[in-house]
Amino acid sequence: MTDRDRTSLWLGTAPGRPREPLAGDWVTDVVVVGAGITGLTTALLLAEAGLQVTVLEARAVGHGTTGGTTGKVTSQHGAIYADLREMHGDEVAGTYARLNEAAVATVRDLAARHAPEAAFETLDAFVYTEQADQLATLQAEVDAAQRLGLPADWVEDVDLPFPTRGAVRFRDQGQMHAVRYVQGLADAVEAHQGCSVRERTRVTGIRGAGAATVVETPVGEVTADAVVLATLLPIIDRGFEFARARASRAYGVAALADDDHPAGMYISSEDPTRSIRHHREGEQVYAIVVGESHETGHGPDRGDHDDPLAAFARDRLGRPDVRYRWSAQDFLPADKLPFVGVAPFSERVHVASGFNKWGLTGGTAAAGIIRDLVLGRDVPEAEVLSPSRTPVTAGVGEFLKHNAEVAARFVGDRVSTDAASIDDIPPGGGGIVRVDGKLTAVARDDSGATTTRSAICRHLGCVVQWNQIERSFDCPCHGSRYDVDGTVLEGPATAPLADRDDG
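Residues numbered from 1 in each chain as written. Predicted model: local features only at pLDDT ≥ 70, side-chain atom pairs only at ≥ 80, totals over all residues. Heavy atoms only, no water.

## With respect to the state of the cysteines
Here is step 1: Following the criterion strictly, the structure yields one disulfide and no others.
Here is step 2: At a sulfur-sulfur separation of 2.1 Å, the disulfide partner of cysteine 462 is cysteine 477. Residues cysteine 462 and cysteine 477 are joined by a disulfide whose S-S torsion is about -95°; by sign, that bridge is left-handed. One end of the pair, cysteine 462, is in the loop between β20 (450-454) and β21 (465-467); the other, cysteine 477, is in the loop between β22 (472-474) and β23 (481-482), and 15 residues separate them in sequence.
Here is step 3: Classification of cysteine 462 as buried rests on a relative accessible area of 3%. (Disulfide = S-S within 2.5 Å. Helix = DSSP H or I, 4+ residues; strand = E, 2+ residues; numbered from the N terminus. Buried < 20%, exposed > 50% of the residue type's maximum accessible area, 1.4 Å probe, protein only.)

Right, here's the structure in full:
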């Protein structure tokens, strides 16, 4: 089973209409790379400002991380605000808070105007705990959020069907069907003259061309005055975002429920994290549970990452009938702030990345900032979130640790393998094998048919690792992911795994 077979509730209930790929060369005002929440919100805001915008998407609208989200639209990002105040001070933490709270209102407005079928619903959001030793942390979070002007308070009753010790509540937040939302945004973009959304068009490079920038794809080039990279992690390395953020995968399940369900959105403060919400789809109600995070390429050597989530839905929520299972990738910056703004050494290229698993508001806030930068407006927040910012002291240790681990993997993974020979890889499995002295990514389907590719990641040369649950090869260094035939599933890599003989 590949991650294309593991369909989220959102993608399973909103297949969308196909859009044509790019065909030949093109000229436009702005190219937006990526048709998720960040890219399509940016594209729509720029289109509304009168610019011609072309959106290029490697897969289909909403089929990246947006298609694997919880669908929570909230400025409550777990227990983050006490940490932000300590790391950055009140001014920076307040900027982050204001941007994300404003993003809730922006999504509410855009959903009403362009995607009513996304069924935006205003609800309270809770960070709850079952453990006494977490109470002081959550009380500090309430204090921090209130000082920053957020709609936070402490509550004892959180309406969950199991005992808790209380929670931080953020009032008047939201949830929605995220894929229907971005499909509505895509339609709204295309309603503007000269604007288009092109699917199945992977961007492979960007180069300067005098007074403009050229975006390269296998099917043509697009020349533009400005480029926006809304690709989870930038596909160009000028800002070294890959070295300042960790790639993380999380898993989700949706189980059939009924109308007697908790009336809010919930996330636990303790590990393992459990994020909970409910969704009505026609006559059906689903209980959604997300969690079991791990660094990309560092997952357990088994095919049951999401079984604990199914067990939680059954044992804690009373919902045993799991109908959907999925996963999604995010990047977690060392200093807990996203990278939004002009890419270093490139005045015409803008990036938006590192939303720490809260992209529905973070990506929306980023879209507003990038819109203003492209239009030449003064953007005070741009300095706070700039990709060129100097890491704060509190984030340097995490930065150094991450890159030391990457260096160790770069060397160590060239020594160890998963099996002595291809014959040792079982049907339905995969792994890294040394064949004729070359590290080889080997996958076998259930019948035993074998596929081999070079095991060297095309981004910066780390050795990929086998992901059994999603039947993919994942890079443990910077998060690139590949299908068993070598096709890129997730960047920052833009080229497929090489043939084994070329690796």
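Right, picking up where we left off after that structure.
## Description of the pairing of strand β13 (residues 274-281)
Here is step 1: Counting buried positions over the eight residues of β13 gives seven, a clear majority of the element.
Here is step 2: From the end of strand β12 (residues 265-268) to the start of β13, which pair antiparallel, there are five residues.
Here is step 3: Pairing of β13 with strand β14 (residues 284-295) involves eight bridges; the strand directions are antiparallel. Bridged to isoleucine 276 within β14 is valine 289.
Here is step 4: Here β13 hands over to β14 after two residues, with glycine 282 in that stretch at a positive phi of 65°. (Pairing = 2+ DSSP bridges.)

## With respect to the sheet that holds β22
Here is step 1: Reading across from one edge, β21-β22-β23-β24 is the order of the four strands in this open sheet, with antiparallel pairing throughout. The open sheet has two free edges, formed respectively by β21 and β24 (488-490), since each of these has just one partner strand.

## Focus: the pattern of salt bridges
Here is step 1: Counting across every chain of the model gives 30 salt bridges.
Here is step 2: Its salt-bridge partner being aspartate 90, residue arginine 85 comes within 2.5 Å of it at the nearest N-O pair.
Here is step 3: When its relative accessible area of 23% is taken as the criterion, arginine 85 is described as partly exposed.
Here is step 4: Between arginine 249 and glutamate 470 there is a salt bridge whose closest N-O contact spans 2.8 Å. With arginine 249 in strand β11 (residues 245-257) and glutamate 470 in the loop between β21 and β22, this residue pair connects regions lying 221 residues apart in the sequence. (Salt bridge = Lys/Arg side-chain N within 4 Å of Asp/Glu carboxyl O.)

## Observations concerning the sheet that holds strand β19 (residues 438-444)
Neighbouring strands of a sheet are bound in pairs by backbone hydrogen bonds; such pairs are parallel or else antiparallel.
Here is step 1: Taken together, the three strands give an open sheet; going across it, the order is β18-β19-β20, and neighbouring strands pair in antiparallel fashion. Each edge of the open sheet carries a strand with a single partner, namely β18 (430-435) and β20. With direction set aside, neighbouring strand axes in the sheet form an average angle of 35°.
Here is step 2: Relative to β20, β19 runs antiparallel, the two being bridged by five bridges. Pairing of valine 442 across the sheet is with threonine 452, part of β20. (Axes fitted to C-alpha atoms, helices over the stretch in contact; angles between N-to-C directions.)

## Notes on helix α8 (residues 359-374)
Here is step 1: Taking 1.5 Å per residue as the helical rise, α8 with its 16 residues ought to reach 22 Å, and the 21 Å between its terminal C-alpha atoms agrees with that figure.
Here is step 2: Here α8 lies mainly inside the structure; 13 of its 16 residues are buried. (Expected span 1.5 Å × (residues − 1).)

## Observations concerning the confidence of the model for the chain
Here is step 1: Per-residue confidence for the chain gives a mean pLDDT of 90, with 90% of residues at or over 70.
Here is step 2: Within the model, pLDDT remains below 50 along residues 399-404, and this stretch shows 10 contacts once partners closer than five positions in the same chain are excluded.
Here is step 3: Contacts of residues 406-412 to residues separated by more than four positions or lying in other chains number 12 contacts, the stretch itself having pLDDT below 50. (pLDDT = per-residue confidence, 0-100. Contact = heavy atoms within 4.5 Å.)

## Details of the packing of aromatic side chains
Here is step 1: Enumeration according to the criterion identifies seven aromatic pairs in this entry.
Here is step 2: Relative to tyrosine 266, the ring of phenylalanine 126 has its centre 5.1 Å away and its plane inclined at 10°; by these criteria the two rings are stacked. Here phenylalanine 126 is found in strand β4 (residues 121-128), whereas its partner tyrosine 266 is found in strand β12, with 140 residues between them in sequence. Grouping residues by exposure puts phenylalanine 126 and tyrosine 266 together as buried.
Here is step 3: Each residue in the set Tyr81, Tyr96 and Phe170 is aromatic and connected to the rest through ring pairs, giving one cluster.
Here is step 4: The ring of tryptophan 26 has arginine 198 sitting right over it, with the charged end atom 6.0 Å from the ring centre. (Phe/Tyr/Trp six-rings, centres within 6.5 Å; stacked < 30°, edge-to-face > 60°. Lys NZ or Arg CZ within 6 Å of the ring centre and 35° of its normal.)

## Overview of the packing of helix α4 (residues 90-114) against α8
How two helices pack is summed up by the angle between their axes together with the distance between the axes.
Here is step 1: Where α4 meets α8, the closest approach of the two axes is 8 Å, and the angle between their N-to-C directions is 90°. Accordingly, the angle class assigned to the pair α4 and α8 is roughly perpendicular. In this structure, α4 contributes Leu99, Asn100, Ala103, Val104, Thr106 and Val107 to the contact, and α8 contributes Leu360, Thr361, Gly362, Thr364, Ala365 and Ile369.
Here is step 2: Tallied by class, the residues present in the contact of α4 with α8 amount to seven nonpolar, five polar and no charged. (Parallel < 35°, antiparallel > 145°, perpendicular 65-115°, else oblique. Nonpolar A, V, L, I, M, F, W, Y, C, P; charged D, E, K, R; others polar.)

## With respect to the environment of glutamine 193
Here is step 1: Mapping glutamine 193 onto the fold places it in the loop between α6 (178-190) and β7 (196-198).
Here is step 2: Residues glutamine 193 and valine 53 lie 140 residues apart in sequence; the distance between their C-alpha atoms is 9.3 Å.

## Some remarks on the environment of threonine 450
Here is step 1: Inspection of the secondary structure puts threonine 450 in strand β20.
Here is step 2: We classify threonine 450 as partly exposed; its relative accessible area is 38%.
Here is step 3: Threonine 450 sits 21 residues away from glycine 429 along the chain, and the two C-alpha atoms are 9.8 Å apart.
Here is step 4: Apart from residues no more than four positions distant in its own chain, threonine 450 is found in contact with Ile422, Val442, Ala443 and Arg444.
Here is step 5: Among the polar contacts made by the side chain of threonine 450, one reaches the side chain of arginine 444 at a distance of 3.3 Å.
Here is step 6: Separated by 3.3 Å, the side chain of threonine 450 and the backbone oxygen of glycine 448 make a polar contact. (Polar contact = N/O pair within 3.5 Å; in protein donor to acceptor, adjacent residues only side chain to side chain.)

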